[in-house]
Amino acid sequence: MPVGPVLGEERRVAEFETVDLRIDDDRVAWVTLNRPDKLNAFDFTMLDELQSIWRSFRRNPDVHAIVLTAAGDRAFCTGIDRDAALGDGKAEAIGAQDSPFHFDDPGYKLGPKTNDLWKPVIAAVNGMACGGAFYLLGEVDIIVAAEDATFFDPHVTYGMAAVFETVHIAQKMPLGEVLRMQLMGGYERLSAQRAHQIGFVSEVVPREQLLDAAGHVARTIAGQPNLAVQATVRSAWTAAEVGRQAALRAAVDIVEAGNTPEQLMEGQKVFSSGKRVEWKLR
């Protein structure tokens, strides 16, 4: 699957073993999960590489928005690579320690928000997205899906509690839909169209238009004042995770951080230019 040809000229490429990273001249980073032979399941190398990438974006002024997608035709991500996780036969490889009170969540390194990144992330989902993929999709800001995308979580079918994944998607789906998907396990898949109906996915497009659609969103966001965008992302997540009054109290600090004189002057140029903003109806 090509990465980032729809946006500006590529600036530089960082080399990773399991992830392809490119940054273009539109200040959009393209992060591609690149284990198509393993259905883009994450191993320990991918965990480390994604954490490194998310945290590097925090201090990279050339990155204002990110597109997260995946290589291959079959899957966006199918969760943890069980061959890698269980290859040595040790339970602690997938999180458990010598006591039920000690647990290293293998997905802790996966998500942008867990790694304190507040630049917007747009997921472009193709094929299957299941299980541990929801660590990622639960922490992105916008999801664009190809018509062939499907979403499901087989944990309970195989005798495993679907816990962390459920918490992540409960931020983005109605409770009844969360419960149905998690409890049906591997016996039912949520179509891209149904995911759009319930608000989990913001746009569904033909497969060949997926990167263009996600790139349009990312490029538009990246072209607007950066701190204002980040403050808006932070306020939306704060509102989703705490009560209304607590969110309003936090908003005082967030709006002060986002409305700097420099950002306001940058935004004012849009008004003073006399040029109309070209908008698109969705």
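Before reading further, recall that the structure is shown in the block above.
Given the structure is predicted, the values throughout are model-derived calculations rather than measurements.

Turning next to the overall build of the protein. When helices and strands are tallied, the protein shows 10 helices and 11 strands. Out of the 282 residues in the protein, the part that is buried amounts to 47%. Expressed as a percentage of contacts within the protein between residues at least 6 apart in sequence, the contacts between residues at least 24 apart total 68%. Total accessible area on the protein stands at roughly 14,700 Å², and carbon and sulfur atoms take up 54% of it.

It is worth spelling out the sheet that holds strand S10 (residues 190-191) at this point. Strands sit in the order S5-S7-S9-S10 across an open sheet of 4 strands; the sheet is mixed. The sheet is open, and its two borders are formed by strand S5 (75-77) and S10, each paired with just one other strand.

Next up on the list: the pattern of salt bridges. If you walk through the whole model with that rule in mind, you get 10 salt bridges. Taking the shortest distance from any N to any O, the salt bridge between glutamate 177 and arginine 194 comes out at 2.4 Å. One end of the pair, glutamate 177, is in helix H5 (residues 175-184); the other, arginine 194, is in helix H6 (residues 192-197), and 17 residues separate them in sequence. Looking at glutamate 177, the relative accessible area reads 16%, which means it is buried.

This part covers helix H7 (residues 210-222). In a regular helix each residue adds 1.5 Å, so 13 residues correspond to 18 Å; H7 covers 18 Å between its end C-alpha atoms and thus fits that length. Every buried residue belonging to H7 is among Leu210, Leu211, Ala213, Ala214, Gly215, Val217, Ala218, Ile221 and Ala222, and all of these are buried.

With that settled, the discussion passes to the environment of tyrosine 108. In this structure, tyrosine 108 sits in the loop between helix H2 (82-86) and strand S6 (121-125). Classification of tyrosine 108 by relative accessible area gives exposed; the value is 51%. Separated by 56 residues in the primary sequence, tyrosine 108 and phenylalanine 164 place their C-alpha atoms 9.9 Å from one another. Ignoring any residue separated from it by four or fewer positions in sequence, one finds tyrosine 108 in contact with Thr114 and Asn115.

It is worth spelling out the pairing of strand S4 (residues 65-70) at this point. Most of S4 sits out of view: 6 of its 6 residues are buried. Covered by surrounding structure in S4 are Ala65, Val67 and Thr69 together with Ile66, Leu68 and Ala70, the residues of both alternating faces. As judged from the 6 bridges shared by strand S3 (residues 28-33) and S4, these two strands associate in the parallel manner. By the bridge assignment for S4, valine 31 is matched with leucine 68. Since S3 and S4 lie parallel, the crossover through helix H1 (residues 44-58) that links them has a hand, and here it is right-handed. Relative to S6, S4 is paired through 3 bridges, and the arrangement is parallel. Note on S6: the bridge partner recorded for valine 67 is isoleucine 122.

Each value, and the rule that gives it
Residues numbered from 1 in each chain as written. Predicted model: local features only at pLDDT ≥ 70, side-chain atom pairs only at ≥ 80, totals over all residues. Heavy atoms only, no water. Helix = DSSP H or I, 4+ residues; strand = E, 2+ residues; numbered from the N terminus. Buried < 20%, exposed > 50% of the residue type's maximum accessible area, 1.4 Å probe, protein only. Contact = heavy atoms within 4.5 Å. Areas by Shrake-Rupley, 256 points an atom, 1.4 Å probe, with all protein chains shown as cover. Pairing = 2+ DSSP bridges. Salt bridge = Lys/Arg side-chain N within 4 Å of Asp/Glu carboxyl O. Expected span 1.5 Å × (residues − 1). Right-handed = clockwise from strand over helix to strand, strands pointing away.

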